[in-house]
Amino acid sequence: MLLWGSNARETHPIFFHHVLKGLRNGARLYAVDPRRTSSAQWADLWLGIDVGSDIALANALGREIIAAGLHNRAFIARATTGFEEYRRSVAPYTLEYAERATGVPREAIRDLAHAYARADRAQLCWTLGITEHHNAVDNVLALINLALLTGHVGRYGSGLNPLRGQNNVQGGGDMGALPNRLPGGNAVEDAAQRSPFERAYGVTIPPRNGWHLSQMFEAMERGDLTALYVIGENPAQSEADLGRAVRLLAGLEHLAVQDMFLTKTAELAQVVLPAAASWCESEGTVTSSERRVQRVRKALDPPPGARDDIDILCDLARRLGRDWSRPTAEDLWDELRRLSSWHRGMSYQRLEALGGIQWPCPSEDHPGSPFLHARLWQDPIEGPRAPFHAVEHDPPVDRLTDEFPIRLTTGRRLDSFNTGVQTGGYRSPLRRGETLDIAPEDGWRWGIADQERVRVVSRRGAVEVPVRYDPTLRPGLAFMTLHFQDDVATNLLTIDATDPKSGTAEFKATAIRIEKIDAR
């Protein structure tokens, strides 16, 4: 088991219970993370990587696997394309170069390469530590290369697992809440995949991808986006470079927010639509990280004034001239099943009887799919081959200098959730408020005491926050969360440098300096 940029014990605790079961059954755990997190402390080997050097490490692992003759030649020949280009691209990434670029000892890199390649079954899991970078997609492609190189994909117990950061993120994407996809993963720009939806909806769907969130903010800045409808999101506190985000949201001609909380984003809105809590006040489905669709059953009525999202959206459609009547959640699900081959065999009755089904499930007699990409092991394979992608190391945009010598990385803690809207109103014995976590050696060197209040400054803004000594951090690395934005607006510091392919901002790599408040 390889956890890469994932503190799963705190951010995916249910999943981590399964990891611990695997360890008790004899599995080995490797952790790649800048911090020696509570997850890494369970690992057989922790690779303390410098923030933003993931591609250098992944390419060095690939080079070592090839040099040792541990790559799966038969699988590569039958199921992949682009191997020779990949081999050439990783050739410069020697163990010595990777040690300099990543801070990870070459012996540890070699150990991981051989263990991963020799394993009968291996899972490579990642999360925001990989994707919240200016080159997020290339980071992911570098990890996919390793799975293709070793054949650790498309087999039970082996594969790639991007751990989802919030409940039902997978389901939201599957339902088409992506700028380039219609429900069931159908591509917006593919006429053959788009046309069934046009026939079902009776409209012409624009044959071009929409804007992702970062592009929306760019469009606000240009004046091309003047009205925004936000459902269950709090960008006024979750976006990087928070000052810019709030300025652009406040400058819209019209902002509507639909949420179960009066968030900071909702406070900026002209219209707020109070919504029901979908996990207990609505009927529907939820999809887990393993693509398992399960039923959600209404247990409570929403409080007065709050309404089911379906009712709100249908009333809004009626005001806009389209009468969608009063569909139930099951009616909408059956419409999805007619349009999505992934979900066609998942009736409510089957979901009830089987306790959930994993897509793709193309027919009523299909059992669902416990794992993906088994087709790659067929001879000849069914469908297209899986491509290698040659990607190169590209350091963080916010460079360290004498003026900003400290690398700040951000993340989450077990007791809180994202911007704290859902958890901040409830007490927890684990919650201790926001701190700037630093290595004790840094505190001693800079003359900053544990619990001392300091000013943290980046190229975009500044916040005041108490210091906390954290022995799991290496010198030169600091850590904060985004859970307490009302008290400490961490995202005033973070950079909005975004990945051009995914639109993800580089939350994980900010350059800062620390100032003593009493010295100002």
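A brief look at the structure comes next.

The rules we used
- Residues numbered from 1 in each chain as written.
- Predicted model: local features only at pLDDT ≥ 70, side-chain atom pairs only at ≥ 80, totals over all residues.
- Heavy atoms only, no water.
- Helix = DSSP H or I, 4+ residues; strand = E, 2+ residues; numbered from the N terminus.
- Buried < 20%, exposed > 50% of the residue type's maximum accessible area, 1.4 Å probe, protein only.
- Areas by Shrake-Rupley, 256 points an atom, 1.4 Å probe, with all protein chains shown as cover.
- Lys, Arg positive; Asp, Glu negative; His and termini not counted.
- Charge placed at Lys NZ, Arg CZ, Asp CG, Glu CD.
- Contact = heavy atoms within 4.5 Å.
- Axes fitted to C-alpha atoms, helices over the stretch in contact; angles between N-to-C directions.
- Parallel < 35°, antiparallel > 145°, perpendicular 65-115°, else oblique.
- Left-handed = near helix turned anticlockwise from the far one by under 90°.
- Nonpolar A, V, L, I, M, F, W, Y, C, P; charged D, E, K, R; others polar.
- Pairing = 2+ DSSP bridges.
- Polar contact = N/O pair within 3.5 Å; in protein donor to acceptor, adjacent residues only side chain to side chain.
- Phe/Tyr/Trp six-rings, centres within 6.5 Å; stacked < 30°, edge-to-face > 60°.
- Lys NZ or Arg CZ within 6 Å of the ring centre and 35° of its normal.

**Here's the deal with the overall build of the protein chain**
Link 1 in the chain: Scanning the protein chain from terminus to terminus reveals 19 helices and 21 strands.
Link 2 in the chain: Along the longest, intermediate and shortest principal axes, the C-alpha atoms of the protein chain span 65 × 65 × 45 Å.
Link 3 in the chain: Residues counted as buried form 50% of the 520 residues belonging to the protein chain.
Link 4 in the chain: When the accessible surface of the protein chain is summed, it comes to about 24,300 Å², and 52% of that surface belongs to carbon and sulfur atoms.
Link 5 in the chain: Charge-centre separation for the protein chain: the mean point of 61 positive side chains lies 4 Å from the mean point of 67 negative side chains.

**Brief notes about the environment of asparagine 186**
Link 1 in the chain: Summarising the element assignment, asparagine 186 is placed in strand S8 (residues 186-187).
Link 2 in the chain: Not counting residues within four places of it along the chain, the set of residues in contact with asparagine 186 comprises Asn180, Arg181, Gln193, Phe197 and Leu339.

**What about the packing of helix H3 (residues 54-67) against helix H6 (residues 95-102)?**
Link 1 in the chain: Two elements in contact, H3 and H6, have axes separated by 9 Å at closest approach and are oriented at 165°. Our classification of the angle between H3 and H6 gives roughly antiparallel. For the pair H3 and H6, the crossing hand works out as left-handed. Within the contact between the two elements, H3 uses Ala56, Leu57, Ala60 and Glu64 and H6 uses Leu95, Tyr97, Ala98, Ala101 and Thr102.
Link 2 in the chain: Here the residues of the contact of H3 with H6 sort into seven nonpolar, one polar and one charged.

**Remarks on unusual backbone geometry**
Link 1 in the chain: Residue proline 360 is bonded to the preceding tryptophan 359 through a cis peptide linkage, with omega at 0°.
Link 2 in the chain: Of note, proline 360 is situated in the loop between strand S14 (357-358) and strand S15 (386-387).
Link 3 in the chain: Following aspartate 379, the chain continues into proline 380 via a peptide bond in cis, with omega recorded as 5°.
Link 4 in the chain: Considering the arrangement of structural elements, one finds proline 380 in the loop between S14 and S15.
Link 5 in the chain: Non-glycine residue asparagine 168 carries a positive phi angle of around 70°.
Link 6 in the chain: Mapped onto the fold, asparagine 168 is located in the loop between strand S6 (159-162) and helix H10 (169-174).
Link 7 in the chain: You can call asparagine 168 partly exposed: its relative accessible area is 28%.

**Topic: the sheet that holds strand S21 (residues 510-516)**
Link 1 in the chain: In spatial order, the strands read S16-S20-S17-S19-S18-S21; together these six strands close into a barrel with mixed pairing. Between one strand axis and the next, the sheet turns through 45° on average, direction left out of account.
Link 2 in the chain: Across five bridges, strand S18 (residues 453-457) lies against strand S19 (residues 462-469) in antiparallel orientation. Bridge pairing in S19 places valine 454 opposite valine 465.

**A look at the pairing of S19**
Link 1 in the chain: Relative to S19, strand S17 (residues 436-438) runs parallel, the two being bridged by three bridges. Bridged to leucine 436 within S19 is valine 467.

**Comments concerning the packing of H3 against helix H7 (residues 106-118)**
Link 1 in the chain: As a packed pair, H3 and H7 sit with axes 9 Å apart at the nearest point and diverge in direction by 65°. Considering the relative orientation of H3 and H7, their crossing is right-handed. In this structure, H3 contributes Leu57, Ala60, Leu61, Glu64 and Ile65 to the contact, and H7 contributes Ile109, Arg110, Leu112, Ala113, His114, Tyr116 and Ala117.
Link 2 in the chain: When grouped by side-chain class, the residues that make up the contact of H3 with H7 number nine nonpolar, one polar and two charged.

**Looking at helix H11 (residues 191-201)**
Link 1 in the chain: Here H11 starts with a cap whose side-chain oxygen sits 3.0 Å from the backbone nitrogen of alanine 192, and that cap is aspartate 190.
Link 2 in the chain: A positive phi of about 70° marks glycine 202, the residue just after H11.

**Focus on the packing of aromatic side chains**
Link 1 in the chain: Taken as a whole and judged by the stated rule, the model has eight aromatic pairs.
Link 2 in the chain: Taken together, a centroid distance of 3.9 Å and an interplanar angle of 5° make the contact between tryptophan 342 and tryptophan 359 stacked. Of the two residues, tryptophan 342 sits in the loop between helix H17 (329-339) and helix H18 (348-354) while tryptophan 359 sits in the loop between S14 and S15, which places them 17 residues apart along the sequence.
Link 3 in the chain: Between tryptophan 444 and tyrosine 469, the ring centres sit 6.4 Å apart and the planes meet at 80°, which makes this aromatic pair edge-to-face. Taken together, the residues span a long stretch of sequence, with tryptophan 444 in helix H19 (residues 440-446) and tyrosine 469 in strand S19 at a distance of 25 residues.
Link 4 in the chain: Three or more aromatic residues joined by ring pairs form one cluster here, namely Phe83, Tyr86 and Phe388.
Link 5 in the chain: One cation-aromatic arrangement involves arginine 35 over phenylalanine 479; the distance from NZ or CZ to the ring centre is 3.7 Å.
Link 6 in the chain: Of note, arginine 291 hangs over the ring of tryptophan 359, and the distance from its end group to the ring centre comes to 5.6 Å.

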